[in-house]
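A look at the structure
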Amino acid sequence: FGRRELARRPILELLEAAGVRIGDATQTIGARLADAAVAPRLEVAVGSALLDVHRLVRDADGRPVQWLHGLYRPD
């Protein structure tokens, strides 16, 4: 999918429209500190607290269809 499609619809909707039958997902949310590589990209100080999200979405047959690892500013 391109930027245009992803700007208009969530990726899971796009996958379903393409024929993927979403089965289940696992997600963990934790915290970590911003290191020297991440801090400037998120415009925070090194050592700032970040939300650390990992998500794996599988189709109805158990095959992975989306893997996400996101680091988010708490604000």
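Looking only at helices and strands, the protein features 3 helices and 3 strands. Helices and strands appear in the protein in the N-to-C order α-α-β-α-β-β. The C-alpha radius of gyration computed for the protein amounts to 15 Å, which surpasses the reference 11 Å derived for 75 residues by more than 25%, pointing to a less compact arrangement than a globule. With the C-alpha coordinates of the protein rotated into their principal frame, the extents come out at 45 × 25 × 20 Å. Here the protein holds 75 residues, and 17% of them are scored as buried. A total accessible area of about 5500 Å² is found for the protein, and carbon and sulfur atoms account for 54% of it. Taking the average place of the 11 positive charges on the side chains of the protein and the average place of its 10 negative ones, the gap between the two points comes to 4 Å.

Let us now look at the pattern of salt bridges. Scanning the entire structure with this criterion turns up 7 salt bridges. Here Arg9 ties to Glu13 by a salt bridge, and the two come within 3.5 Å at their closest N and O atoms. Residue classification places Glu13 among the partly exposed residues on the basis of a relative accessible area of 39%. The residue Asp61 makes a salt bridge to Arg63 at a minimum N-O spacing of 3.4 Å.

It is worth spelling out the nonpolar core at this point. Core analysis: the biggest nonpolar cluster contains 5 residues, these being Ala34, Val38, Ala39, Leu50 and Leu71. Residue contacts for Ala39: discarding those within four places in its chain leaves Ala34, Val44, Ala45 and Val46.

Below, the discussion takes up unusual backbone geometry. Leaving glycine aside, a negative phi is the common case for residues, and trans is the common case for peptide bonds. Positive phi outside glycine occurs at Glu43, with the angle close to 55°. Locating Glu43 in the fold gives a position in the loop between helix 3 (39–42) and strand 2 (49–59).

Pairing is antiparallel across the open sheet formed by 3 strands, whose spatial order is 1-2-3. With one partner strand each, in any of the chains shown, strand 1 (22–33) and strand 3 (64–72) form the two edges of the open sheet. Averaged over all adjacent pairs, the angle separating strand axes in this sheet is 10°, with direction ignored. Where strand 2 lies against strand 3, 8 bridges are found, and the strand directions are antiparallel. Across the sheet, the residue bridging to Val57 is Gln66, located in strand 3.

About the criteria used
- Every chain begins its residue count from 1, and numbering advances along the sequence as written.
- Two thresholds apply to this predicted model, a pLDDT of at least 70 for residue-level local features and 80 or more for giving and counting side-chain atom pairs, whereas whole-chain, interface and lining totals are computed over all residues.
- To obtain the side-chain values, all non-hydrogen atoms of the structure were used and water was disregarded.
- Comment: elements are numbered from the N terminus, with helices defined as DSSP H or I runs of at least four residues and strands as E runs of at least two.
- All radius of gyration figures rest on C-alpha atoms, and the globule criterion is 2.2 Å times the number of residues raised to 0.38.
- Three labels apply to residues, based on accessible area from a 1.4 Å probe with only protein chains included: buried if under 20% of the type maximum, exposed if over 50%, partly exposed otherwise in between.
- Surface accessibility follows the Shrake-Rupley procedure with a 1.4 Å probe radius. Residue values consider only the protein chains on display as shielding.
- Under the counting rule used here, the positive set is Lys and Arg, the negative set is Asp and Glu, and His together with the chain ends is not counted.
- Charge positions come from single atoms, namely NZ of Lys, CZ of Arg, CG of Asp or CD of Glu.
- A side-chain nitrogen of Lys or Arg and a carboxyl oxygen of Asp or Glu constitute a salt bridge if their distance falls within 4 Å.
- Definition used in this section: a nonpolar core is a set of buried Ala, Val, Leu, Ile, Met, Phe, Trp, Tyr and Cys residues joined via side-chain atoms within 4.5 Å.
- Contacts were defined at the residue level, with two residues in contact if any of their heavy atoms lie within 4.5 Å.
- Only strands joined by at least two bridges in the DSSP assignment are considered to pair.
- Here, axes are lines fitted to C-alpha atoms. For helices the fit covers the stretch in contact, and angles between N-to-C directions go from 0 to 180 degrees.

No statement about biological role is implied by the geometric values presented.
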